[in-house]
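If you want the building blocks of each chain, they are given just below.
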Amino acid sequence: MSFAPHCTTLDNGLTVVTDAMGSVETVSVGVWVGVGTRNEAADVNGCAHLLEHMVFKGTERRSAQAIAEEIEAVGGHLNAYTSRENTAYYAKVLKEDAGLALDIVGDILLNPTLDGDELERERGVVLQEIGQANDTPDDLVFDLFQEAAYPDQGLGRPILGRPENVRQLGRDRLDSYRVAHYAPERMVLAASGRIDHDRLTGAAEAVFGGLAPGMVQDPEPARYAGGEIRRDRPLEQVHLVLGFAGLSYHDDDHFAISVLSTLLGGGMSSRLFQEVREKRGLVYSIYSFASAYADGGLFGVYAGTGEEEIAELIPVLCGTLGDVAGGALTAEEVGRARAQLRASILMSLESTGARAEQAAQQMLIYGRPLTTAEMIDRVEAVDRGAVERVARRLLSRRPSLSAVGPLSRLESFEGICRRLGAPRAA
């Protein structure tokens, strides 16, 4: 099984990419739009996410109930998500219903009514979603980490939006955002499964061919600052994220930082899991992550620990990061991390949804999909020196810290910077 999609660009700039899988009976099809939270002005933060909700609430041809009933009448399902750089609308259906899925996805994107009564109801739903996130410390701590890393800019604002903004967003603001940003040159129609490329391209031309190119404006450049945000709350645990400026998708070390994240906190054999949980019993959950953007990124470690244990956790965490940057890695653990990433790439090929999303995301990022062989070659090219180099790059920048819970024993930000040998000022 391999990944080598076919691509066609319509006259208006919309890209159609298909990844045929002859051994399945289903198709995943969707539209990925290269806009998200970072494309919002501060006073409309939450607009992208609220719009994502509202397009499901009815079109000129279908009511909200009809949208749900039509897709479920053929056993399919329809969903969407908003991220900081993308918004996606996608469906999974049996192969014979791919045309219906495309028609519904196109309808909700191009013809939403954004009805006022529906907007008031959905506004309440989103405010409940925000409230739930704020009441969930292991969600909230990541929004705070993002804000600490990228203050006063789109990349640092919450995807769900702030309640005061969501309460005042009206139909006209949502529709003007949609018209301005949902431009064909920023849209990728991706499908994976039992699909014919030429037939889908023809159908895409019928659905989207009349969409005029837009006046697309790039978002403000990413400006990593770093710093800390603490929220002292009477909880049972401290939820902590400690991290640094990461790397963009286009950085030569993009795959090396993925290997670093895997060996540091990507599984039960990782350094942090073994040192912090297995040997010391300081946490139930600890893991690392690497998030990439078009012009920046974040690398971090999440941990959930007790009020007393946080005092011991911080020195161990900082020491482990320093060891990795200082040459303590072995060729065996780097090889194990490469094997994990290679397996993850190959396992994702078994999912039509994962393959469609991968093709769409790579089109938005690189302007072309990467083949399976190309991705694996890039992973296999990462050696111990590359991982240590990336770790040193991370520690050369001011860290970002967010914490939620009982924080009386959490070390000062200045003390953590000293432990890491990192700058304390931006």
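Right above here is the structure, for reference.
Residues numbered from 1 in each chain as written. Predicted model: local features only at pLDDT ≥ 70, side-chain atom pairs only at ≥ 80, totals over all residues. Heavy atoms only, no water.

When you look at the side chain of His239 in this model, what are you seeing that I'm missing?
Looking at the element boundaries, His239 is found in strand E8 (residues 238–245). Among the residues examined, His239 registers a relative accessible area of 8% and is labelled buried. Within the structure, His239 has its side chain in polar contact with the side chain of Tyr302 (distance 2.8 Å). (Helix = DSSP H or I, 4+ residues; strand = E, 2+ residues; numbered from the N terminus. Buried < 20%, exposed > 50% of the residue type's maximum accessible area, 1.4 Å probe, protein only. Polar contact = N/O pair within 3.5 Å; in protein donor to acceptor, adjacent residues only side chain to side chain.)

Please clarify how the nonpolar core should be interpreted in this entry.
Burial of nonpolar side chains together is a common tendency in soluble globular proteins. In this structure, Leu240, Leu242, Val259, Leu260, Val276, Val387 and Leu420 are the most contacted members of the largest nonpolar core, which totals 54 residues. Ranked by residues supplied to this core, first place goes to helix H11 (residues 310–325) with 9 residues. Not counting chain neighbours up to four residues away, the residues in contact with Leu240 comprise Val141, Val301, Tyr302, Ala303, Ile310, Ile314, Leu317, Leu401, Ser402, Ala403 and Leu410. If you look at the next biggest cluster of nonpolar residues, it comprises 48 residues, including Leu10, Val29, Cys47 and Met187. (Core = buried A, V, L, I, M, F, W, Y, C linked by side-chain atoms within 4.5 Å. Contact = heavy atoms within 4.5 Å.)

What is the right way to read the sheet that holds strand E9 (residues 283–293) from this model?
Strand pairs in the sheet, formed through backbone hydrogen bonds, run parallel or antiparallel to each other. The 5 strands are arranged E7-E11-E8-E10-E9 in an open sheet whose pairing can be described as mixed. The open sheet has two edge strands, strand E7 (227–232) and E9, and neither has a second partner. Across the sheet, the axes of successive neighbouring strands diverge by a mean angle of 10 degrees, strand direction being ignored. Summarising the sheet, E8 and strand E11 (residues 400–405) pair through 5 bridges and their orientation is antiparallel. Directly across from His239, in E11, lies its bridge partner Val404. Helix H10 (residues 271–278) contacts E9 and strand E10 (296–305) of the sheet and is inclined by roughly 155 degrees relative to E9. The strands that H11 touches are E8, E9 and E10; relative to E8, the one it contacts most, it runs at about 25 degrees. (Pairing = 2+ DSSP bridges. Axes fitted to C-alpha atoms, helices over the stretch in contact; angles between N-to-C directions.)

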